[in-house]
Every structure is written in structure tokens, then in C-alpha cells.
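For reference, the chains in residue letters:
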Amino acid sequence: VTILTIAIAILSIPIIAMLFTNEVDWKLFDFIVAGILLIGTGLTFEYILRKVKTTNYRILLSLSLFLILILIWAELAVGLFGTPFAGS
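Residues numbered from 1 in each chain as written. Predicted model: local features only at pLDDT ≥ 70, side-chain atom pairs only at ≥ 80, totals over all residues. Heavy atoms only, no water.

What to know about helix H3 (residues 55-78)
An ideal rise of 1.5 Å per residue puts 34 Å on 24 residues; H3 measures up with 34 Å between its terminal C-alpha atoms. The set of residues buried in H3 consists of Ser62, Leu65, Leu69 and Glu75. The elements touched by buried residues of H3 are helix H2 (28-51). Looking at the residues trailing H3, positive phi occurs at Gly79, about 70°. (Helix = DSSP H or I, 4+ residues; strand = E, 2+ residues; numbered from the N terminus. Expected span 1.5 Å × (residues − 1). Buried < 20%, exposed > 50% of the residue type's maximum accessible area, 1.4 Å probe, protein only. Contact = heavy atoms within 4.5 Å.)

Given below as C-alpha cells:
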């Protein structure tokens, strides 16, 4: 429930921004992809917390997971690396 609540809260930011400006132009597909990324990351984080017992490994895996999320999000948003996923 917490993972879904946080994902919905994050996805509500562009919805609210779209009400006030034309600079944010998300389509339904954008929300679906972002939701999958956020929920998938949240569930993976939960899995790490449940299965990994060593604190150092938890921190390392969690930071790696969030770095991967940020890199994927940035690539999809602005084409950071110029891969075909960003439409380049």
C-alpha cells in the first residue's frame, strides 16, 4: 500500500503541473511507463529489504537500484545517452 501511495503521489506532480502550464505535456503512455518504473523500483526495494540481511549490502543495492531508476528516467525524459528508448 505504501509503495502504491508513493507512486501515485509522484505521478500526481505532472498531473497538477499540466493544469497550470503547457510546458508539461505527458500522455497516457508516459504515465503508464512512469508508473511501471516507480512501482517496479518500489517492489524491488521491498524485496531487497526483506531478503538481504547485511546492512552494507542493503545500502549498496538500494543506492544502485535508485541510480538505475534515475538514469532510466533521465534517458526517457531527455535522451541523456541517445539510445533508441529516448526516441533518438
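Let's pick the thread back up.
What to know about the pattern of salt bridges
With the rule as written, the count across this model stands at two salt bridges. Of the charged contacts, one joins Lys27 and Asp25 as a salt bridge, the two residues approaching to 2.9 Å between their closest N and O atoms. Of the charged contacts in the structure, one is a salt bridge between Arg50 and Glu46, with a shortest N-O distance of 2.8 Å. Of the two residues, Arg50 and Glu46 are both situated in helix H2; the distance of four residues between them amounts to about one turn of the helix. For Arg50, a relative accessible area of 57% translates into the label exposed. (Salt bridge = Lys/Arg side-chain N within 4 Å of Asp/Glu carboxyl O.)

Here's the deal with the layout of surface pockets
By volume, the largest pocket is sized at about 300 Å³. Asp25, Trp26, Phe29, Asp30, Val33, Ala34, Leu37, Trp73, Leu76, Ala77, Phe85 and Ala86 together form the lining of the largest pocket. Those elements that place two or more of their residues in the lining of the largest pocket are H2 and H3. Here the lining of the largest pocket takes five residues from H2, the largest share from any one element. A per-class count over the lining of the largest pocket returns 10 nonpolar, no polar and two charged. As for the second largest pocket, its lining consists of Thr2, Ile3, Ile6, Ala7, Ile10, Leu38, Thr41, Gly42, Phe45, Glu46, Phe66 and Leu69. Secondary structure elements with two or more residues in the lining of the second largest pocket: helix H1 (2-20), H2 and H3. Its residues assigned to classes, the lining of the second largest pocket shows eight nonpolar, three polar and one charged. (1 Å grid on protein atoms, 1.4 Å probe; cavity = no way out; pocket = protein on both sides within 12 Å on 5 of 7 lines; lining within 4 Å. Points joined across faces, edges and corners; volume = space filled by probe spheres on them. Nonpolar A, V, L, I, M, F, W, Y, C, P; charged D, E, K, R; others polar.)

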